[in-house]
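Understanding the architecture of this molecule
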Amino acid sequence: MVFRPVDVPAGSGFLDDAEIKTGRALDQKSDSDKAYNEFLENDHLAGAFHGTSQQVQRYYIGKYDVTQNQYNAMTKDTCSAPTPSGQLPQANVTFGEAENFATRWSSWLLKNARASMPMRSGKPGFIRLPTDAEWSYAAKGGALNTHPEAPMWDIGDDAADEYVVGGAEEAGKAQAVGSRKPNPLGLYDMVGNVSQMILEPYRLNRLNGQQGLSGGIQARGGDFHFSPDEISTATRYEMAPFDPVTGEPARQASVGFRVVIAASALETPTDAHAAANAFAQLSAKGAAIETGSAENAQQIEKLRQDAGQAQVLKQEITTLKNQLNQAGSASNETRTLLDKLQSDVNTIASLQQQVSSIQVKLGQVGLERRAAQKRQISAQIEGVETLSQTLPQSDALIKATEGSINNARVAEQTELSDAAPAEQEAIKRKWENQINEMQKAVVYRKAVLVNDQNTYVTLINSLADPSNADILPEARQLKAQSLQNQLTADTPEARTLRGRHLSYLDIMDANIKLAANKAPIDNQKNIIAPLRAAAQKNY
């Protein structure tokens, strides 16, 4: 099984996490029939493992739904050879059977491939069903999706059926996994084909959060019965855990599952100590906010000034009333108006206090959102830098393999010219087998290269978004400074590595400028060629 890493820009603190959005934006009136089920919600997500930097956490999710081949290999007494029909997603399983698959595979991996598992605090992870937050974040494209409130990731001008298995043309049945295009994280069939069971039970949405009743099995993403235009990453429904007729655990031909690699939250006593310290720090920070921090000083001073202005106005009204009384010209109507005005001043002072209190809270929320945006931009820069290393390597490997194919054809002709006629057929088969394998490798590597190029461009377009303009330079400078701090040795190797990575950032800057100006980004001219030159340059 192939897993994809999902990076979460959540920070490096032990209790740090990221606020994410599940569901989708809906009109509460016109979409009232869907709102209780799909309405946008705020959730929090963290990854069990280290990501590409200290500010990034990571978890792993299956690239495809669990297939029949994989399910049979883990649950049958003998592991039979895989078949093409076995590439269908494994449906018709109960929630317990899906969990049993994860349990049996975790046990097998820990016994036979322990060192291959990602580690948390020195201990290996394990397999389980994804949480709703893990599934939603990955389905929408993670940090690569700049519009998490939307029902789908940005599919451009493509039709929905290029990504989603569903509709009448599917003849009412599932298709082999990976038969459509993937989402930005390279995950297939997150929407359509078969729905996927989630670890948590189904709960209703009551606008300000999930309703308190925990119901049956939650299935996400929709299935082949739906039209591709009708379902999205917000699609979910409740599956009854038991068949009401037979009393047996429920199973459906349109419901399967995929798995994640997770870990325990507290693996060691050191983790428990770190969690306690992190909680104490958060508690102290919360107390500081309650008592009024330095950031709130200006708001408090404004409140004092506004209240003072209201008090002055109140005093002026009292003086005016006294003057009118002394002049003997204060009618009942005038007195009533002045009394009302004095009451209004008191109301204004109260409203000013409420507004100032709200402004303080909004300021705190704004700081938190800015910090989250900064973490996301940092994660996207890390992603660009990682791809900057792999893209020229993949391109060079493709060219080298194509060169090997040409050399093999020359060697084949040379050997054939020296061989007897009776030997030539065997020689041709030998060389063609080798060449076919190399050609398959080229096709696969080109597909990987195209996917990585698309991911690079997606990240660049996201970084070029005008909403990032005031934060991007700071995040970019911090990354450059981090490279300088990590590579301080004055050796040829350190200078080369430092210069190369700084060049990657310069190339990123140039492409961000192109994207900001709505100019096309050419994969060879603007990405591969400059990255290759940077990788080969002496610094």
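Up top is the structure these notes are about.
If you're wondering where the values come from, they're calculated on a predicted model, not measured in any experiment.

Some words on the packing of helix H8 (residues 421–463) against helix H10 (residues 492–516)
Axis separation between H8 and H10 bottoms out at 8 Å; the angle between their running directions is 70°. By the angle between their directions, the pair H8 and H10 is classed as roughly perpendicular. Two packed elements cross with a definite hand, and for H8 against H10 that hand is right-handed. Facing Tyr456, Ile460, Asn461 and Leu463 of H8, the residues of H10 in contact are Ile507, Met508, Asn511, Ile512 and Ala515.

Structural notes on unusual backbone geometry
The phi torsion at serine 121 lies on the positive side, around 55°, for a residue other than glycine. If you trace the backbone, serine 121 turns up in the loop between strand S6 (119–120) and strand S7 (123–124). Classification of serine 121 by relative accessible area gives partly exposed; the value is 38%. One non-glycine residue with positive phi stands out, namely lysine 518, at about 60°.

Focus: the sheet that holds strand S10 (residues 217–220)
Across the sheet, 4 strands lie side by side as S11-S10-S9-S12; this open sheet has mixed pairing. Edge positions in the open sheet fall to strand S11 (236–239) and strand S12 (255–256), since each of these has one partner strand only. Of the strands in this sheet, strand S9 (195–201) and S10 are in contact with helix H3 (residues 95–112), which crosses S9 at around 85°.

Concerning the packing of aromatic side chains
One pass over the full model with this rule turns up 8 aromatic pairs. Centre to centre, the rings of tyrosine 71 and phenylalanine 257 are 6.5 Å apart; their planes meet at 80°, and the pair counts as edge-to-face. Highlighted residues: tyrosine 71 in helix H2 (residues 68–75) and phenylalanine 257 in the loop between S12 and strand S13 (260–262), separated in sequence by 186 residues. Residue tyrosine 71 is classed as buried on the basis of its relative accessible area of 11%. For phenylalanine 257, a relative accessible area of 0% corresponds to the buried category. Ring centres of tryptophan 153 and tyrosine 163 lie 5.8 Å apart, and the angle between their planes is 80°; this geometry places the pair in the edge-to-face category. Of this pair, tryptophan 153 sits in the loop between helix H4 (132–139) and S9 while tyrosine 163 sits in the loop between H4 and S9, and the two are 10 residues apart along the sequence. A relative accessible area of 6% means that tryptophan 153 is categorised as buried.

What counts as what
- Residues numbered from 1 in each chain as written.
- Predicted model: local features only at pLDDT ≥ 70, side-chain atom pairs only at ≥ 80, totals over all residues.
- Heavy atoms only, no water.
- Axes fitted to C-alpha atoms, helices over the stretch in contact; angles between N-to-C directions.
- Helix = DSSP H or I, 4+ residues; strand = E, 2+ residues; numbered from the N terminus.
- Parallel < 35°, antiparallel > 145°, perpendicular 65-115°, else oblique.
- Left-handed = near helix turned anticlockwise from the far one by under 90°.
- Contact = heavy atoms within 4.5 Å.
- Buried < 20%, exposed > 50% of the residue type's maximum accessible area, 1.4 Å probe, protein only.
- Pairing = 2+ DSSP bridges.
- Phe/Tyr/Trp six-rings, centres within 6.5 Å; stacked < 30°, edge-to-face > 60°.

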